[in-house]
Structure formats: C-alpha cells, structure tokens
Amino acid sequence: MERLIDIHCHIIPGVDDGVATLEEALALIKSEEEGGTVAFIATPHFIDRGDYRRLSDVAERVQDLSQEVAKVGLKSKIYPGGEIYPTMAIFEALDAGRSLTLAGKGKHMLVDLPMGSLPNDFDSILYEIQVRGIVPILAHPERCAYFQDDPNRLVPYLERNISCQVNARSLSGRYGTRANTVALEILKRHWAHFLSSDCHKARREPVLGVAKASLKGVLDSEYLEILTRASAEAVIRGDVLPKLPKAVQSVQKQGWLSRVLRK
Ligand SMILES: [Fe+2]
C-alpha cells in the first residue's frame, strides 16, 4: 500500500480558487486516499492583493476540515500551510506573527511561481526568507516560462539550498508539452524534492497516485519515495530535507531537450 503525502493542494473549501464546498473537499480527499495519499498539507494562496491576503485562520480551517474528514470515515491527516506569492508582503505578515510555513513548523515555505517571468526582487525575497531560517520550495517551476526557456536556470537556486516541487498533472500533459517535458527533465535530473497534486478540484482519478504509478520504471523507487513521502515527512517534522540522489548537474545545452525547447 502506498503512503503518499501531498504538500501542495487547495482543499480548504471556499478560501481561494480551490474547492468551493465541503462536499467537494471531501470528494477530493476520498479520491486521493484511493490512490494512496494519507496526508495533505493544505496550501491556500497567500497573495498581496484581493481577499486571499486576509486569510489568517488556516489552522482553524484545517481543524474544521479534519473533523469533517473523520466524521465521514476518511483517514487523512491534514496540516496547515500556504502557497505564498513572493512579494515583500511576506515579511510584513511574518513580522506580524503569521505562520506562512508548511505544517506551521517555520522551516519550509512553498513559494508560488508565476507562469511567465520571475517577479521583481525574486532573488532578494528568497534570500530574505532564507535569512529567517526558512527553506523556500519553488512550486511547479516546470510551468514557469523562465525555467521552461532554460531548465538550467534552476541550478543556481538548488545550489543555494532552495528546493522545488513538481506538479503531478504536469506529467499528464495537462499544462502543455513544454511543462510536461521540463517536469520530466527536472525529475530525471533529481532536482526536485516533491511531487504534489496542486489539486484545486475533485477528480475522478487520484492525481498523485496516478502520477507516481506513471513514474515507476522511469525513476528509481528510492527517489520516488523521496518525492512522494520522505521529503514531506521531513517538512511535517520541521526537519532537514532528505539528501537527493546524485543529481546530473545541468541539461546538455545542445541536447535533445534544448532542441525541443527551441521549437
Ligand atoms: Fe497551487
């Protein structure tokens, strides 16, 4: 039996662009449980504009959802977290005592990436996060044009102890060929610590379980365990992330990937 842990999902009802109702949240959790997921870190968006910014009660909402999960006989554990858009508003919120970190442990922050170019001051914001003893985890770099244009641009971040997370549905081609190709490349290079659902809606098939199954034979089982369980367990403990298997340092500039990416 699989024991997968999902560190990126929008399962708190009615707070962002994720599930709208409690029924939908429970349907999503049920479907993911059927694929072997045993725990989730709920990561509603935190953005320096609009209503999301006011979301200050993630922990209470997670408690409420956990009670509902138990009531209907589901088994999943749910932890609080957030998907934090990188602006200076992060530091104002942290200074005001907000917990923006995963599982509320103060050690890891899931940093949202835009689809296009990187936000202003991106590197200094990551640096400031690290100065506070928090490891940034870049969410779905394979969907960001800046990293799609040249996946090697991830290397300087990885070298600075910044981690990354790949979306399960990037592997199904849901976000296009480029995201699919780059996601696989990131995984084959052993650059990511996490494979997560980033699910916003209930689906018929378990997103994370299906993605993991599709990677059997592509990645070795030890790395698959890191991607879907061991790194997440470290986050929940507030611990250091596991060491990744030896990484291939960079994508060959003249290799097949760069030819594909130039098309
Ligand atoms: Fe997300």
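Bear in mind that the values here come from a model prediction, so they are computed numbers and not experimental data.

Some words on the coordination of the iron ion
Line of reasoning, step 1. Within the protein, the atoms that donate to the iron ion are His8 (NE2), His10 (NE2), Glu83 (OE) and Asp198 (OD), at distances of 2.1 to 2.2 Å.
Line of reasoning, step 2. Given 4 donor atoms and angles of 82 to 172° at the metal, the environment of the iron ion is assigned as irregular.
Line of reasoning, step 3. Mapped onto the sequence, the donors of the iron ion take the spacing H-x1-H-x72-E-x114-D. Of this pair, His8 sits in strand S1 (residues 4–9) while Glu83 sits in strand S5 (residues 83–84), and the two are 75 residues apart along the sequence.
Line of reasoning, step 4. You can call His8 buried: its relative accessible area is 0%.

A word on the side chain of Ser196
Line of reasoning, step 1. Considering the arrangement of structural elements, one finds Ser196 in strand S9 (residues 194–196).
Line of reasoning, step 2. Overall, Ser196 belongs to the buried group, its relative accessible area being 1%.
Line of reasoning, step 3. Not counting residues up to four positions away in its chain, the partners in contact with Ser196 are Asp6, Ile7, His8, Gln165, Val166, Asn167, Ala168 and Leu208.

Quick look at the sheet that holds S9
Line of reasoning, step 1. Spatially, the 6 strands line up as an open sheet ordered S3-S5-S6-S7-S8-S9, and their pairing is parallel. Of all the strands in the sheet, just strand S3 (45–46) and S9 have a single pairing partner and so form its edges.
Line of reasoning, step 2. By the bridge criterion, 2 bridges tie S3 to S5 in an arrangement that is parallel. Residue pairing for S5: His45 is matched across the bridge by Glu83.
Line of reasoning, step 3. Contacting strand S6 (108–111) and strand S7 (135–139), helix H4 (residues 122–131) runs over the sheet at an angle of about 140° to S7.

A few points about the sheet that holds S1
Line of reasoning, step 1. With respect to topology, 3 strands assemble into an open sheet ordered S1-S2-S4, the strand pairing being parallel. Each end of this open sheet is capped by a strand with a single partner; those strands are S1 and strand S4 (77–80). Neighbouring strand axes in the sheet, compared pairwise and without regard to direction, differ in orientation by 20° on average.
Line of reasoning, step 2. The pairing of strand S2 (residues 37–42) with S4 spans 4 bridges and is parallel. Looking across to S4, one finds that Ile41 is bridged to Tyr79.
Line of reasoning, step 3. Those strands touched by helix H9 (residues 221–237) are S1, S2 and S4, and its axis lies near 65° from that of S1.

Concerning unusual backbone geometry
Line of reasoning, step 1. The backbone phi angle of Asn161 is positive, close to 70°, even though this residue is not glycine.
Line of reasoning, step 2. The class for Asn161 is exposed, based on a relative accessible area of 54%.
Line of reasoning, step 3. The backbone of His190 sits at a positive phi, close to 60°, despite the residue not being glycine.
Line of reasoning, step 4. Using a relative accessible area of 15% as the deciding quantity, one classes His190 as buried.

Conventions we followed
- Residues numbered from 1 in each chain as written.
- Predicted model: local features only at pLDDT ≥ 70, side-chain atom pairs only at ≥ 80, totals over all residues.
- Heavy atoms only, no water.
- Donors = N, O, S within 2.8 Å, 3.2 Å for Na, K, Ca; no water.
- Tetrahedral: all angles 85-135°; square planar, octahedral: opposite > 155°, others 65-115°.
- Helix = DSSP H or I, 4+ residues; strand = E, 2+ residues; numbered from the N terminus.
- Buried < 20%, exposed > 50% of the residue type's maximum accessible area, 1.4 Å probe, protein only.
- Contact = heavy atoms within 4.5 Å.
- Pairing = 2+ DSSP bridges.
- Axes fitted to C-alpha atoms, helices over the stretch in contact; angles between N-to-C directions.

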